[in-house]
Amino acid sequence: MLASLTLFLAPVSPSPFLSVNRLSHIHSSPLPAADLLRATSRRLVLATKIHSASTMAAEEPNLKRKLAKLFEASLKATVPNVPDVEPLVAACTAKFGDYQCNNAMGLWAQIKGKETEFRGPPSIGQAIMRNLPQSEMLESCSVAGPGFVNVKLSNSWIAKSVQKMLIEGIDTWAPQLPIKRAVVDFSSPNIAKEMHVGHLRSTIIGDTLARMLEFSHVEVLRRNHVGDWGTQFGMLIEFLFETVPNWEDGKEIAIGDLQAFYKASRERFKNDPDFKERAQKAVVRLQGGEPNYHRAWVQICEISRKEFQRIYRRLGVHLEEKGESFYNPYIPEVLKELTGKNLIEDSEGARVIFMEGFNIPLMVVKSDGGYNYASTDLAALWYRLNEEKAEWIIYVTDVGQQQHFHMVFKAANRAGWLPDDDKSYPKASHVGFGLVLGEDGKRFRTRDTEVVPLVDLLDEAKSRSKAALIERGKNVEWTEEELVQTAEAVGYGAVKYADLKNNRTTNYTFSFDQMLNDKGNTAVYLLYAHARICSIIRKSGKDIEGLKNTGEIVLAHADERALGLHLLQFSEIVEEACTNLLPNVLCEYLYHLSECFTKFYSNCQVVGSAEETSRLLLCEATAIVMRKCFYLLGIVPVFKI
């Protein structure tokens, strides 16, 4: 083992140069490669890419990219004849430093056997370290093993960076992504059907992705691609005409439970041939624009929208509806364009697109001449690229729809709508997720095998949360309004976090007992931890806003430093979660932040200590970052408990 070579760098001012469910008939299935995907995605992000030489290091909030810019300059000086070397910078897990540059072995493989001054990866690593420009960020560097360059950051620089955030705001730590506009297509329930637990994952995963992108200064078009068009509406309208003959008398159709109405009409459609024939003719009349059929369709859709909106309000989710019917007028021209590019062929009476790598074609026109999901999705993709000018289009559905979307994307690629390189923009991504399981390991359902209505699930979460608060005696201490608001924040937050903390590609088991536990990696634990931090600051009696401008953070204790460094890594974590569309990365960071704070608070007295001001500022910085994490996850923080 080679001895570790260490270089201590004097802090200097940085030089100007270096400031450089929609397819309901398809069933989802577990994805066994989920752990592999998680590991691969982390490696992809750790191999940090530099967006633009024009982005100044002083303005770059991503700590990893700041270091990458320093190593970029060093690599150019170390191996000037090797072009386009991307710095491979990763956070350290060992005791050697905070970050590590891992380019030496790869460079040796490229230059071995050629004329070179280097004798192997270790000597390359030493040269990379020697050529590092001076920076106030760095305290020391060392080379270990096969050329790994370990970097230890300056305590004073970490402290100044955290304090700067306290003064200028957490938004200065927002990632800088290479796009300006994105579409996130999520939730997407079907009209006349009740939202159930199966819609939960798409809704909260999509909302979190949208929030992270919005925080990163991306304009996000939040699209709710509801199932509001198709043959089922002939069935619903005809049943409406039969059962509610005076349906046009009032402002709203008096059909009671829309879910029961749908089931009854479906049963009639299956068992009554005459009704079925009338329903099929009703579809033609609706699509032909007959006024009374169109008015009935509008009213049925409106009833569903009101029910959906009640759920979205409770979840704190905002969407703009552009359902299947919106894209329907664009389908003929889109198919005409694809036909003109010789992509569409006739096959057994249908019109399809054959694509390499798939054992079935993508059907875009059925044998009866009708359109389907593929034709609608192609029209929607065309519209989002050409009319909405989106650079990144993200579809959040279950993993069972993965092949469908990959085929749609491939067709768009062949049409020239999307580039061949999936790392270039514009691009389209499918965000697949696994099943919600009951504690019996099967699909989460009620005792009578029905899917669990989402409204019932939220009611139960709120009720259990409120009961736990009453058990703690909070009904005596708080007003009823405070009790209800906290019960909602904790209950709904627990449901969201229990889903989001898992790798989205895996199935997860729904358990109220686990998600409402106040110990371990749960929203309840994290919300209570945040409330405790707020309590520490309140009990100090100090003006925390004033301290931000007059006080100074000093990271003398090892646990103070560990907390400060973890806070500073917030930006790169959000960027990783965005880039790989994995909300669980942010959940993992949040939980570890809480652990870092607990260790700090256990070993570093805050109130009444000589370091009180500095440590109160660390408490405030932790609370601010936690609140931003909660916001990005769609969770409402609590300030007392």
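In the block above lies the structure referred to throughout.
Computed from a predicted structure; not experimentally measured. Residue numbers here run from 1 along each chain, matching the order of that chain's written sequence. Reporting in this predicted model follows two pLDDT cut-offs: at least 70 for local features of residues, and 80 or more for side-chain atom pairs to be given and counted; totals over whole chains, interfaces and linings ignore these cut-offs and use all residues. Side-chain descriptors were evaluated using all non-hydrogen atoms of the structure, hydrogens and water having been removed beforehand.

Draft legend 1. Quick peek at helix α15 (residues 454–471). The end-to-end C-alpha distance of α15 is 26 Å, a good match for the 26 Å that 18 residues give at a rise of 1.5 Å each. Listed as buried for α15 are L454, L457, L458, A461, S465 and L469. Seen end-on, α15 carries its buried residues on one side only, within an arc spanning 105°. Buried residues along α15 sit against α6 (197–215), α10 (291–315), α16 (474–477), α17 (480–500), α18 (512–515) and α19 (523–540). G473, located one to two residues past α15, shows a positive phi value of around 85°. Strands are runs of DSSP state E lasting at least two residues, helices are runs of H or I lasting at least four, and both sets are numbered from the N terminus onward. Here, expected helix span is obtained from the residue count minus one, scaled by 1.5 Å. A simple rule labels every residue: compare its accessible area, found with a 1.4 Å probe on the protein chains alone, to the largest value its type can have, and call it buried under 20%, exposed over 50%, or partly exposed in between. Working definition: the arc comes from the directions between the helix axis and the C-beta atoms, pointing outward to the latter. The contact criterion used throughout is that any non-hydrogen atoms of two residues lie within 4.5 Å.

Draft legend 2. Expanded view of the packing of aromatic side chains. Pairs were defined over the aromatic rings of Phe, Tyr and Trp, the Trp ring being its six-membered one, requiring ring centres within 6.5 Å. Orientation was assigned from the angle between planes: stacked under 30 degrees, edge-to-face over 60, tilted for the rest. As enumerated under the stated definition, the model contains 21 aromatic pairs in all. Considering the side-chain rings of F326 and Y327, the 5.0 Å spacing of their centres and the 85° angle between planes classify their relative orientation as edge-to-face. A residue is classified by how much of its surface remains accessible, and Y327, at 0% relative accessible area, is buried. Aromatic side chains F405 and F409 sit 6.1 Å apart centroid to centroid with 40° between the ring planes, which places their arrangement in the tilted category. Of this pair, F405 and F409 both sit in helix α14 (residues 402–414), separated by 4 residues, roughly a single helical turn. Judged by relative accessible area, F405 falls into the buried class, the value being 1%.

Draft legend 3. Quick peek at the nonpolar core. If you look at the biggest cluster of nonpolar residues, it comprises 167 residues, and the most contacted ones within it are L153, L213, L457, F510, F570 and V625. Take this core: its biggest share by element is 12 residues, from helix α24 (residues 612–632). By convention a nonpolar core is built from buried Ala, Val, Leu, Ile, Met, Phe, Trp, Tyr and Cys residues, the set being connected through side-chain atoms within 4.5 Å.

Draft legend 4. Representation of the sheet that holds strand β12 (residues 392–398) in the model. Two strands qualify as a pair provided DSSP detects at least 2 bridges between them. Strand order across the open sheet formed by 5 strands is β8-β7-β6-β12-β13, with parallel pairing between neighbours. Of all the strands in the sheet, just β8 (320–321) and β13 (427–433) have a single pairing partner and so form its edges. Where β12 meets β13, 7 bridges bridge the pair, whose relative direction is parallel. Bridging across to β13, W392 finds its partner in K427.

Draft legend 5. Region of the structure containing the environment of G520. Mapped onto the elements of the fold, G520 is located in the loop between α18 and α19. A C-alpha to C-alpha distance of 8.8 Å links G520 and Y591, two positions 71 residues apart in sequence. Among all residues touching G520, those that are not within four sequence positions of it are Y525 and Y591.

Draft legend 6. Here's a closer look at the pairing of strand β10 (residues 350–353). With 3 bridges connecting them, strand β9 (residues 345–347) and β10 associate as antiparallel partners. Bridge assignment links D346 to a residue of β10, and that residue is R351. In this structure, the hairpin formed by β9 and β10 is closed by a connection of 2 residues, where E348 is found at a positive phi of approximately 55°. Inspection of the sheet shows β10 paired to strand β11 (residues 362–365) by 3 bridges, in the antiparallel sense. Pairing of R351 across the sheet is with V365, part of β11.

Draft legend 7. Structural context of the sheet that holds β9. One open sheet holds the 3 strands; their spatial order is β9-β10-β11, and the pairing between them is antiparallel. The sheet terminates laterally at β9 and β11, the two strands that pair on one side only. Adjacent strand axes in the sheet meet at a mean angle of 50° when their direction is disregarded. Axes here mean lines fitted to C-alpha atoms, for a helix over just the part in contact, with angles spanning 0 to 180 degrees between N-to-C directions. Each of β10 and β11 touches helix α13 (residues 373–386); the most contacted strand, β11, lies at about 85° to it. The strands touched by α14 are β10 and β11; relative to β11, the strand with the most contacts, the crossing angle is about 75°.

Draft legend 8. Region of interest: helix α3 (residues 104–111). Looking only at α3, the buried set comprises A104, L107, W108 and I111. Each buried residue of α3 lies within a common arc of 105° when the element is viewed along its axis, so the set occupies one face. Directly beyond the C-terminal end of α3, a positive phi value near 90° is found at G113.

Draft legend 9. Looking closely at the pairing of strand β7 (residues 219–224). Taken across its 6 residues, β7 has 5 buried, putting it largely inside the fold. With 5 bridges connecting them, strand β6 (residues 181–185) and β7 associate as parallel partners. Pairing of A182 across the sheet is with V220, part of β7. Note on handedness: a clockwise path from strand one over the helix to strand two, with the strands aimed away from the viewer, defines a right-handed crossover. In this view, the connection linking β6 to its parallel neighbour β7 by way of α6 has right-handed handedness. Sheet topology note: the β7/β8 ladder contains 2 bridges and is parallel. Considered in β8, the bridge of R223 is made with E320.

Draft legend 10. The arrangement of the pattern of salt bridges in detail. Here, a salt bridge means any Lys or Arg side-chain nitrogen found within 4 Å of an Asp or Glu carboxyl oxygen. Within this structure, the stated rule accounts for 40 salt bridges. For R223, the salt bridge is made with E320, and the minimal N-O distance between the two is 2.7 Å. Here R223, found in strand β7, pairs with E320, found in strand β8; they are 97 residues apart in sequence, far enough to count as distant. Linking E545 and K548 is a salt bridge whose minimum nitrogen-to-oxygen distance equals 3.0 Å. Here the residue E545 and the residue K548 both occupy positions in helix α20 (residues 544–550), the gap between them amounting to 3 residues, near one helical turn. On the accessibility criterion, E545 (47% relative accessible area) is partly exposed. Classification of K548 as buried rests on a relative accessible area of 8%.

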